[in-house]
Protein chains: 2
Amino acid sequence: MRLTKKERQSYLSQAFEQNPFLTDEEVAKKFHVSIQTIRLDRLELGIPELRERMKHMAEKKFDHVQSLSPNEVIGDVIDLQLHKSGISLLEISTEHVFERNQIARGHILFAQANSLAIALADWKVALTGNASIRFVRPVRLGEKCIAFANVAEAHDSRLHVGVQTKVQEEIVFQGDFEVYRVGDDKGN
Amino acid sequence: MRLTKKERQSYLSQAFEQNPFLTDEEVAKKFHVSIQTIRLDRLELGIPELRERMKHMAEKKFDHVQSLSPNEVIGDVIDLQLHKSGISLLEISTEHVFERNQIARGHILFAQANSLAIALADWKVALTGNASIRFVRPVRLGEKCIAFANVAEAHDSRLHVGVQTKVQEEIVFQGDFEVYRVGDDKGN
């Protein structure tokens, strides 16, 4: 059943509120309309495009990370709760892929996840100890990888961080990272 | 006991023959002489410096890799026996380290090991499946990381590769990588 424009826009506002990472493509599919229609809907509703929404979230959230410089995180940090959870976005561009097949190189996905795991640590110097990772399916040029990191265990000088990276709703990478504190810098 | 110059140079030739990865620093320490002395010895003996020795080995060995382009390996490949073993060298420079503490970023060591593991595969398209890794000790700006990769198991479309990365004789990183073939490109 096709919704009226008004109904669709009402659902749309809710959908973007619940999940700001929705792409226009995903929403268009869901409502059986063209991507162009969704873009017009967003324009009328004053909802910025995905990249802008993410930038806005990133500006709000990123100021208290201390374990690395913001430009050292691979990808754009979208959300970050120290010692809890974080989200980052990396769009796969030509410098990230193998020349021959345009598939993202393993260490790029690793770097996105690992740097996000490090960013979660509320310590001046945090390094990775062990990691166990799985490349679930190849990621291609142009795909947008959203990494979701969650702290599974937090100890005094050690965090266990689980990271799942998704393209649209599909898991493409997952990893468990053990991050440890170097030196005794608590409270500094 | 201090050796005569002649004795030292004789030992030196042998030492470099047995282990072309010896640095001048290591050899100087071993023979209790200055690095300058070792450099002069090498000059007289016609033994090129480490980087040149490695380049020379790399030129001999690297022509039959097909899973990636030579410039896609992170580090310089020194030796490579497809489906058997490989060695690469990466000198940690400023673009590899955290600004704040000059420690090499985890994904750089990962990239060196992972790209070497991929290079061992004699397939047109090879990707990483699972990996389990350990950062044994922090690596600092200027250190030379030598990664040694060995195939532990080789199946029709899957390799298990163990990688140990050392600085001087000390292990700094180790990892197990599962590399798999994509598509049926055998013999092409």
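In this convention, every chain numbers its residues from 1, walking through the sequence in written order. By the order in which they are written, chains take letters starting at A while ligands take numbers starting at 1. Only residues with pLDDT of 70 or above have their local features reported here, since the model is predicted, and side-chain atom pairs are shown and tallied only from 80 upward, although totals for entire chains, interfaces and linings are computed over all residues. To get the side-chain values, all heavy atoms of the structure are used, and hydrogens and water are removed first.

## Topic: the overall build of chain A
- When you go through chain A residue by residue, the secondary structure sums to five helices and six strands.
- Once the C-alpha set of chain A is aligned to its principal axes, its extents read approximately 60 × 40 × 25 Å.
- Only protein chains enter the accessibility calculation, which uses a 1.4 Å probe; a residue is then buried when its area is under 20% of its type maximum, exposed when over 50%, and partly exposed in between. By residue count, 51% of the 188 residues in chain A fall in the buried class.
- A sequence separation of at least 24 residues applies to 62% of the contacts in chain A between residues at least 6 apart.
- Using the Shrake-Rupley algorithm and a 1.4 Å probe, accessible areas are obtained, with residue cover drawn only from the displayed protein chains. A total of about 9,500 Å² of accessible surface is found on chain A, and carbon and sulfur atoms cover 49% of it.
- When charges are tallied, Lys and Arg are placed among the positive residues and Asp and Glu among the negative ones, while His and the ends of the chain are skipped. Throughout, a charge is located at the NZ atom of Lys, the CZ atom of Arg, the CG atom of Asp or the CD atom of Glu. Of note, chain A has its 25 positive side-chain charges centred 5 Å away from the centre of its 27 negative side-chain charges. Starting at the N terminus, helices and strands are each numbered in turn, a helix being any DSSP run of H or I of at least four residues and a strand any DSSP run of E of at least two. Any two residues having at least one pair of non-hydrogen atoms within 4.5 Å are treated as being in contact.

## Overview of the pairing of strand β4 (residues 144-154) of chain A
Residues and elements named next belong to chain A.
- For two strands to be treated as a pair, DSSP must find at least two bridges joining them. The pairing of strand β2 (residues 85-91) with β4 spans seven bridges and is antiparallel. Residue pairing for β4: L90 is matched across the bridge by C145.
- Inspection of the sheet shows β4 paired to strand β5 (residues 158-167) by nine bridges, in the antiparallel sense. Note on β5: the bridge partner recorded for A154 is L159.
- Where β4 folds back onto β5 in an antiparallel hairpin, the turn is made up of three residues.

## Describing the nonpolar core
- In this structure, V161(A), F177(A), V179(A), V161(B), F177(B) and V179(B) are the most contacted members of the largest nonpolar core, which totals 82 residues.
- Beyond its immediate stretch of four places on either side in the chain, V161(B) contacts A117(B), L120(B), A149(B), N150(B), V151(B), G175(B), D176(B), F177(B) and V179(B). Only buried Ala, Val, Leu, Ile, Met, Phe, Trp, Tyr and Cys residues count toward a nonpolar core, and they belong to the same one when joined by side-chain atoms within 4.5 Å.

## Quick notes on the environment of L68(A)
- Relative to the helices and strands, L68(A) is located in the loop between α4 (50-61) and β1 (76-81).
- Through-space distance from the C-alpha of L68(A) to that of V125(A) is 7.8 Å; in sequence the pair is 57 residues apart.
- With near-sequence residues (within four places) excluded, L68(A) lies in contact with V73(A), S115(A), I118(A), A119(A), F98(B), R100(B) and R105(B).

## Some words on the UniProt feature "domain: Thioesterase" (unreviewed entry) in chain A
- Mapped onto the present numbering, the UniProt feature "domain: Thioesterase" (unreviewed entry) falls on residues 107-166 of chain A.
- Helix makes up 22% of residues 107-166 of chain A and strand makes up 50%, while its end C-alpha atoms are separated by 16 Å. UniProt positions are given in the numbering used here, feature names are shortened, and annotations may be inferred rather than shown by experiment.

## Considering the sheet that holds β5(A)
- Reading across from one edge, β1(A)-β2(A)-β4(A)-β5(A)-β6(A)-β3(A)-β3(B)-β6(B)-β5(B)-β4(B)-β2(B)-β1(B) is the order of the twelve strands in this open sheet, with antiparallel pairing throughout. Of all the strands in the sheet, the pair left with one neighbour each is β1 of chain A together with β1 (76-81) of chain B. Between one strand axis and the next, the sheet turns by 20° as a mean value, whatever way the strands run.
- Angles shown run from 0 to 180 degrees and are taken between the N-to-C directions of axes, each axis being a line fitted to C-alpha atoms and, for helices, limited to the stretch in contact. Contacting β3 (126-135) of chain A together with β1, β2 (85-91), β3 (126-135), β4 (144-154), β5 (158-167) and β6 (170-181) of chain B, helix α5 (residues 106-119) of chain B runs over the sheet at an angle of about 45° to β6(B).

## Here we look at the packing of helix α1 (residues 5-18) of chain A against helix α3 (residues 35-45) of chain A
Residue and element names in this part refer to chain A.
- Contact geometry of α1 with α3 gives a least axis separation of 10 Å together with a crossing angle of 75°. Taken together, the axis directions place α1 and α3 in an arrangement best described as roughly perpendicular. Together, K5, R8, Q9, L12, S13 and F16 of α1 and T37, I38, D41, R42, E44 and L45 of α3 make up the contact between the two elements.
- Residue polarity is assigned by list, with Asp, Glu, Lys and Arg as charged and Ala, Val, Leu, Ile, Met, Phe, Trp, Tyr, Cys and Pro as nonpolar; anything else, Gly included, falls into the polar class. In terms of residue class, the contact of α1 with α3 is made up of four nonpolar, three polar and five charged. Working definition: roughly parallel below 35 degrees, roughly antiparallel above 145 degrees, roughly perpendicular at 65 to 115 degrees, and oblique for all remaining angles.

## Notes on the environment of E143(B)
Residues and elements named next belong to chain B.
- Relative to the helices and strands, E143 resides in the loop between β3 and β4.
- With 123 residues separating them along the chain, E143 and P20 place their C-alpha atoms 17 Å apart.
- Among all residues touching E143, those that are not within four sequence positions of it are L90, E91, I92, R137, P138 and V167.
- One polar contact links the side chain of E143 to the main-chain amide nitrogen of R140, over a distance of 2.9 Å. Within 3.5 Å is the distance limit for a polar contact, defined as a pair of N or O atoms, with the added protein rule that one can donate a hydrogen and the other accept it, and that residues adjacent in sequence qualify only through two side-chain atoms.

## Let's talk about the interface of chain B and chain A
- The interface of chain B with chain A comprises 32 residues on the first partner and 32 residues on the second.
- Note on definitions: buried area is the accessible-area loss of two parts on being combined, 1.4 Å probe, summed for both. Around 2,700 Å² of area is buried between chain B and chain A when both sides are counted, 51% of it from carbon and sulfur atoms.
- What counts as a salt bridge is simple: a side-chain nitrogen of Lys or Arg found within 4 Å of a carboxyl oxygen of Asp or Glu. For the interface between chain B and chain A, the tally reads zero salt bridges.
- Only α5 and β3 of chain B provide two or more residues apiece to the side of chain B that touches chain A.
- If one sorts the elements of the side of chain B that touches chain A by residue count, β3(B) sits on top with nine residues.
- When grouped by side-chain class, the residues that make up the side of chain B that touches chain A number 14 nonpolar, 13 polar and five charged.
- Here β3(A) pairs with β3(B) via five bridges, running antiparallel. By the bridge assignment, N130(A) is partnered in β3(B) with R134(B).

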